[in-house]
Amino acid sequence: MDWQHVPSLQALRGFEAAARRGGYSAAARELNVTHAAIAQHVRRLEAHFGCVLMVREGAGMRPTEEGRQLAAALTEGFGVIAGAAADLADRDVAKPLRISLTPSLAANWLMPRIGDFWARHPGIELELVPSPDLVEIRAQNFDLALRYGRGPWPGVTCERLMDAGHAVVARTGMIRAPVADLSELAGYDWLTEQMNTEDILWARQNGLDPERVSLRSFPTITMALEAVRSGYGVGILPRVIAQADIDRGQVEVLYEEADSDLAYHMLTRENRVSAPLRILMGWLRRQAG
């Protein structure tokens, strides 16, 4: 690689932190340098590239379009470097498997089953990190991510774990099930997760007019499911999230998506699957059935 035209890595690191943190002061605190040092790094890069990389916005700073593109590439690149360094440093160190998953999958599917894994594999420690955010597996040093969607995702190995098509559910006995068309449920309150427009689109395609029904949204699927259990209305969610309540007879399926391409997937780093991780992935496959 020809490094002759690559700016100082120290300057690139300072700029990346400023763009990511939204200001020079926050970047300075992260890198343990002065505000002036970060500002000087950015100025040098702007002179080198001949364009503005950061502009003031309110009390903070934001990258320009050119700056955003550079910062995104730097964040990815520094993440790869950090991940490779961590992998090498930890090659002989026993450490917990770091798992990213959504809060709803953790609460409603994994935690009711995790005791079986602990009993079978007491020597394998797990660090569960529930979050709705999409993580960068290598940059954030995760061993495995359980992700909802259609996939595939770039830069990772992706394996479909279990189907997660839409289902409409209600408290058992509240509504005569099943229904032939969602228009039959127009008189009920509909309970959904916030910012999940795909649920509403699917309901529209299956006979419901969202503009003519009462919609109540919740910050998480788990809260929407709790409202369904309490009989406040009908909910749209992946069937797997409600499966434990279905098995207990607390809720029942009124209408379900057939042959969905939505699923939960296991995402791992390419060529980075340890023996403990293989054991965990095998256990997850068996649990998913």
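Structure first, text after, so check above.
Visitor: Would you explain the packing of helix α5 (residues 103–110) against helix α9 (residues 239–248) in this entry?
Guide: Viewed as axis vectors pointing N to C, α5 and α9 meet at an angle of 30°, and their least axial separation amounts to 8 Å. With respect to α9, the element α5 is oriented roughly parallel. The interaxial crossing formed by α5 with α9 has left-handed handedness. Along its contact with α5, which presents Ser-104, Leu-105, Asn-108 and Trp-109, the element α9 presents Val-240, Ile-241 and Ala-244. When the residues that make up the contact of α5 with α9 are grouped by side-chain class, the tally is five nonpolar, two polar and no charged.

Visitor: Hey, could you run me through the packing of helix α2 (residues 24–31) against helix α3 (residues 35–49) in this one?
Guide: Pairs of packed helices are described in terms of their axes, by the angle between the two and the distance that separates them. Contact geometry of α2 with α3 gives a least axis separation of 8 Å together with a crossing angle of 110°. Between α2 and α3, the interaxial angle falls into the category roughly perpendicular. Contact residues: Tyr-24, Ser-25, Ala-27, Ala-28 and Leu-31 in α2; His-35, Ile-38, Ala-39 and Val-42 in α3. The residue makeup of the contact of α2 with α3, split by class, is seven nonpolar, two polar and no charged.

Visitor: Explanation requested: the sheet that holds strand β6 (residues 156–163) in the structure shown.
Guide: The pairing of strands in a sheet comes from backbone hydrogen bonds and takes either a parallel or an antiparallel form. Pairing is mixed across the open sheet formed by five strands, whose spatial order is β4-β3-β5-β12-β6. Of all the strands in the sheet, the pair left with one neighbour each is β4 (126–130) and β6. For this sheet, the mean inter-axis angle between neighbouring strands, taken without regard to orientation, is 25°. Along the sheet face, α5 touches β3 (97–101), β4, β5 (144–149), β6 and β12 (263–269) and points at about 105° away from the line of β3.

Visitor: Is there a simple way to think about α3 in this case?
Guide: One full turn of an α-helix is made of 3.6 residues, so residues set three or four places apart face in the same direction. The first and last C-alpha atoms of α3 sit 22 Å apart over 15 residues, in line with the 21 Å expected at 1.5 Å per residue. Here α3 has its buried residues at Ile-38, Ala-39, His-41, Val-42 and Leu-45. On an axial view of α3, the arc spanned by its buried residues comes to 155°, and they lie on one face. Counted as exposed and oriented over 90 degrees from the buried face of α3: Ala-36, Arg-43, Arg-44 and Ala-47. Where α3 is buried, its residues meet α1 (9–21), α2 and β1 (54–57).

Visitor: Can you walk me through the side chain of Thr-102 in this structure?
Guide: Relative to the helices and strands, Thr-102 is located in the loop between β3 and α5. In this structure the side chain of Thr-102 is engaged in a polar contact, spanning 3.2 Å, whose partner is the backbone nitrogen of Leu-105. Once residues lying within four places of it in the same chain are set aside, the contact partners of Thr-102 are Ser-131, Leu-146 and Tyr-264.

Visitor: For this particular structure, what's the right way to read the environment of Ala-73?
Guide: The residue Ala-73 is located in helix α4 (residues 65–89) in this model. When the C-alpha atoms of Ala-73 and Ser-217 are compared, they prove to be 36 Å apart, with 144 residues separating the residues in sequence.

Visitor: Help me understand the environment of Glu-256 in this model?
Guide: As for its position among the elements, Glu-256 is in strand β11 (residues 251–256). Taking the C-alpha atoms as reference, Glu-256 lies 19 Å from Ala-288; in sequence the two are 32 residues apart.

Visitor: Looking at this structure, I do not really get unusual backbone geometry. What am I missing?
Guide: Both trends apply: most residues other than glycine have a negative phi, and most peptide bonds are in trans. In this chain, Gly-151 is followed by Pro-152 through a cis amide linkage whose omega measures -10°. Mapped onto the elements, Pro-152 comes out in the loop between β5 and β6. Omega for the bond connecting Ala-177 with Pro-178 falls within 30 degrees of zero, at -5°, which places this linkage in the cis form. The topology assignment puts Pro-178 in the loop between β7 (166–171) and β8 (189–193). Here the phi dihedral of Asn-32 falls at roughly 60°; this positive angle occurs in a residue that is not glycine. In this structure Asn-32 comes out as exposed when scored by relative accessible area, which is 71%. Phi angles above zero are rare outside glycine, and Asp-259 is one such case at about 55°. When you line up the elements, Asp-259 lands in the loop between β11 and β12.

Visitor: Even after reading the chapter, I still don't get the nonpolar core, so can you show me in this structure?
Guide: In globular proteins that are soluble, nonpolar side chains generally tend to be buried together. Core analysis: the largest hydrophobic core is formed by 39 residues, its most contacted members being Leu-144, Leu-146, Ile-241, Leu-280 and Leu-284. Ala-18, Ala-19, Ile-38 and Leu-45 belong to the second largest nonpolar core, which has 19 residues in total.

Visitor: Even after reading the chapter, I still don't get the pairing of β12, so can you show me in this structure?
Guide: Look at any regular strand and the pattern is simple: side chains alternate between the two faces of the sheet. In terms of burial, β12 is largely enclosed, as seven of its seven residues are buried. The alternating pattern of β12 places Ala-263, His-265, Leu-267 and Arg-269 and Tyr-264, Met-266 and Thr-268 on opposite faces, both of which are buried. Here five bridges tie β5 to β12, and the two strands are oriented antiparallel to one another. If you follow Gly-149 over to β12, its bridge partner there is Ala-263. The sheet contact formed by β6 and β12 spans seven bridges and is antiparallel.

About the cut-offs
- Residues numbered from 1 in each chain as written.
- Predicted model: local features only at pLDDT ≥ 70, side-chain atom pairs only at ≥ 80, totals over all residues.
- Heavy atoms only, no water.
- Axes fitted to C-alpha atoms, helices over the stretch in contact; angles between N-to-C directions.
- Helix = DSSP H or I, 4+ residues; strand = E, 2+ residues; numbered from the N terminus.
- Parallel < 35°, antiparallel > 145°, perpendicular 65-115°, else oblique.
- Left-handed = near helix turned anticlockwise from the far one by under 90°.
- Contact = heavy atoms within 4.5 Å.
- Nonpolar A, V, L, I, M, F, W, Y, C, P; charged D, E, K, R; others polar.
- Pairing = 2+ DSSP bridges.
- Expected span 1.5 Å × (residues − 1).
- Buried < 20%, exposed > 50% of the residue type's maximum accessible area, 1.4 Å probe, protein only.
- Arc of directions from axis to C-beta.
- Polar contact = N/O pair within 3.5 Å; in protein donor to acceptor, adjacent residues only side chain to side chain.
- Core = buried A, V, L, I, M, F, W, Y, C linked by side-chain atoms within 4.5 Å.

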